[in-house]
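What follows is the residue order along each chain.
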Amino acid sequence: IFFFSLSLFSNEISVIPKPLKMDIKNGSFNVNTKTKITCNDKKLIHITDFLNDFLRENYDLRLDQKISKKTGKQEISFILDNSSEKESYTLHISQNSIVVRGGESGLFYGLQTLLQLMPLEKSPSVTLPQVEIQDKPRFKYRGAMLDVGRYFYTPDEVKKFIDLMAHYKLNTFHWHLTEDAGWRIEIKKYPLLTKIGAWRRGTQSSHPAESFDRLPHGGFYTQAQIKDIVSYAEKRNITIIPEIDMPGHTLAVLAACPEISCTGGPFKVLEAWGVQKDVMCAGNEQTYKFIEDVLDELLEMFPSQIIHIGGDEAPKERWKECPKCQEKISIENLKNEAGLQSYFVKRVGSYLQSKGRKMLGWDEIMEGGLAENAMVMSWRGEESGIEAAKMHHEVVMAPTAFMYLDYYQGDHETEPVNFNVNLPLEKVYSYEPLSSRIPVENYKYIIGVQGNIWTEYIHNYSKIEYMAFPRLLAVAEIGWSDAEKDFDDFSKRLSNNLNWLDKKGVNFRIPDVAYSTTAIANTGDFDLVMQPSVKEANIYYTLNGDDPMLKGTLYHSPIRIIFEDNNPVQLKYIVRTRTGRVSGTRVLNFDK
C-alpha cells in the first residue's frame, strides 16, 4: 500500500509507456464516418487495416482507406519517413487532422499511442485531444518471456498475449518452448519428441498447498501453427525468439531420445518441479547431430536473428560419471565439466553462427568461458550481465529480484499460489537496467530488459494474465521511457489503462488502493481517504473482521479510524471494477 496524491487520477492523457516528449494543446479532433485513413506507402496497409479494425470493433466505425502522398483535412495519415530512426515516431493531432510520421516500426508504435488516446465508451464518433508527441524507445530490446514447457497454452492464447505486448510497445516475445516437463514444438525428423515428450501423466507440485493432480497434460504447436504465430507477431512489430533449452531441462527430450543421454535411461517426462540430474550427454557426437537437426527445422520456422539455447541449471553429476563426457574433456583438453559445458555451448553457438544467427543464453553460458558473439540474459542478479558487458557482449537484463513476474504480488494468504518471493508492482517499476556499477562506456552493451513468466504454478491462461498485468506494463515503461522514475505518475496513467484492459476482458491483478490520512486534532484518530487503482471502480470495506466481499460497506467518503482503548484497527477491503471484476481481499493495519 502506498501514499499518493489523490489528485492523481484525473482525466488526463494516460499513455504507457510514457512518451519522450508530449505537449497537450487545447481542443480536439473528431473521428467520424467522414474521416479517411491514408498512408504514403503500400507497406503500411497492415497499419491502416489495424486502425480500421480497432475502430470497427470498439466504435462501429469503418473508415475509407487510401494511399496518398499528401495529408489532408479530416484525415488520419501515416507517413513513412525513411530518414527517421526505425522505432521513432511523431504524432500530431490538430483540430483538422491526425498525422503519424516515422520509421515503419515507429508508425506502428505511433498507432498504439493513438489507440490509447481513444475513449472507452462506444459512440457514433471518437473525440481525441489535440496533442504533439515526439517519441522513441530507450532500449532496442523490450521483451517478455512465456514458459509453455510446464503448461501448454493454445495458439489463440499466445496471440492474445502478443496483442497485449504490442499495445504497450514491447517488441520481443521470448518463447520458452521446451522443458523437462514438456516439448512443445513439432520436429518432423524426430516425431517422438511430440508423441512422447509433449505429454505427462500428471503433475506433482512442490508447493504445500498443491498435490499430485493426476490429470494428463500436454500439447504442442505444429510447424504450421508456429509459422502463423510468427507472422501474426511480425505484423505487430514483435520478433519471436524461440528457446530450445540445452543441455539441461531436457528430460522430455531424453524420454523420446534416450540415446543422447549419459545413462541410456529409461526416462519419463517430468511430473514434479525441480532441477534434474539427467541432461544431454555432452560427450556424445550423436547429441550434436540431434541438436543440429532440430535447429535446422527451427530456423525454417523462426526468422529471428537471435536464437535462445537456454544453458541454465545443467548439473554436472552425470558428466562426471560418463565415459564419453570424460573422454571429450580429455580429447579437447578441457579443465573440467564446467569447461565441457563451455565447449557444448560454444559448439552450438558456432553452428548457429554458420547459419547466420546469433546465440542467446541464460547467464550460466558464461561458465568455463563465454562463446564468441554470444548474448547473455542475466537472471541470477545483474553481476553476470555486468561482467558480460565489460567483455563487450550484448546483455538483456532480467534479474529475478525485479523481472520475474511469476513471483507473488502481495499477501501470500490472499494471492494465488506461486513462488515464495514477493515482487510488488512498485518494485518492478523501480528497476534501472543501467546500474551505477556498469562503466558508462559499457552502457551500449545493455540492450534491454525482459519480464519472465515461469509457469510451474500457472495452470491456465487466465492466471498468466493475472501474474503479467499490470507488472508487464511497468517492464514496458522501463524498456521504452527515459530513466526518470515517478511511480505516482505511472499509477495515474495506469488507472485508465487498467479500465481498458478490464473492457478487453484481461484478468489483471487489481492493484492496491491509494490512500492518505488526515489526523483529528488531539485525539490520535484520523480520517482515511481511499482512491481505487482502477478508474470508476468501487471500494467495499469492513472494520470488524468480516469478509468485505460479502458484508462490505461501499466507500463513498472518508472513513473515521477510531482507536478504541488504544487498540489497533484492521480495515479489510476489496475493489470491484465497473465490469464486476473483483480484487482479492486486501488488509490495512493501523496503530494509534
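Report follows, based on the coordinates. (Residues numbered from 1 in each chain as written. Predicted model: local features only at pLDDT ≥ 70, side-chain atom pairs only at ≥ 80, totals over all residues. Heavy atoms only, no water.)

## Section: the pattern of salt bridges
Evaluated as defined, the whole model comprises 41 salt bridges. Notably, a salt bridge pairs Glu179 with Arg150, separated by 3.1 Å at the nearest N-O pair. Of the two residues, Glu179 sits in strand E11 (residues 178-179) while Arg150 sits in the loop between strand E9 (141-147) and helix H3 (155-167), which places them 29 residues apart along the sequence. Exposure remark for Glu179: the relative accessible area of 2% places this residue in the buried category. Between Lys492 and Asp489 there is a salt bridge, with its nearest N and O atoms 3.4 Å apart. Of this pair, Lys492 and Asp489 are both found in helix H16 (residues 487-503), three residues apart, which corresponds to roughly one turn of the helix. Each member of the pair, Lys492 as well as Asp489, carries the same accessibility label: buried. (Salt bridge = Lys/Arg side-chain N within 4 Å of Asp/Glu carboxyl O. Helix = DSSP H or I, 4+ residues; strand = E, 2+ residues; numbered from the N terminus. Buried < 20%, exposed > 50% of the residue type's maximum accessible area, 1.4 Å probe, protein only.)

## Section: the packing of aromatic side chains
One pass over the full model with this rule turns up 27 aromatic pairs. On the numbers, 5.5 Å between centres and 85° between planes, the contact of Phe50 with Phe108 is edge-to-face. Here Phe50, found in helix H1 (residues 45-59), pairs with Phe108, found in helix H2 (residues 104-116); they are 58 residues apart in sequence, far enough to count as distant. Taken as a pair, Phe50 and Phe108 share a single burial class, namely buried. Judged by centre distance (4.5 Å) and plane angle (20°), the rings of Tyr429 and Phe490 are stacked. Here Tyr429, found in helix H13 (residues 425-429), pairs with Phe490, found in helix H16; they are 61 residues apart in sequence, far enough to count as distant. Side by side, Tyr429 and Phe490 carry an identical accessibility label, which is buried. One residue, Lys427, lies across the ring of Phe402, its end atom 5.4 Å from the ring centre. Above the ring of Tyr540, the side-chain terminus of Arg576 is found at 5.0 Å from the ring centroid. (Phe/Tyr/Trp six-rings, centres within 6.5 Å; stacked < 30°, edge-to-face > 60°. Lys NZ or Arg CZ within 6 Å of the ring centre and 35° of its normal.)

## Notes on the nonpolar core
Counting 194 residues, the largest nonpolar core has Phe161, Trp175 and Met530 as its most contacted members. Once residues lying within four places of it in the same chain are set aside, the contact partners of Phe161 are Ala144, Phe173, Ile453, Tyr461, Ile464, Ala468, Phe469 and Leu472. (Core = buried A, V, L, I, M, F, W, Y, C linked by side-chain atoms within 4.5 Å. Contact = heavy atoms within 4.5 Å.)

## Examining the packing of H3 against helix H14 (residues 461-468)
Here H3 crosses H14 at 20°, and the two axes come no closer than 11 Å. Accordingly, the angle class assigned to the pair H3 and H14 is roughly parallel. As for how H3 packs across H14, the hand of that crossing is right-handed. Counting all contacts with H3, which are made through Glu157, Lys160, Phe161 and Leu164, the residues of H14 involved are Tyr461, Ile464, Glu465 and Ala468. (Axes fitted to C-alpha atoms, helices over the stretch in contact; angles between N-to-C directions. Parallel < 35°, antiparallel > 145°, perpendicular 65-115°, else oblique. Left-handed = near helix turned anticlockwise from the far one by under 90°.)

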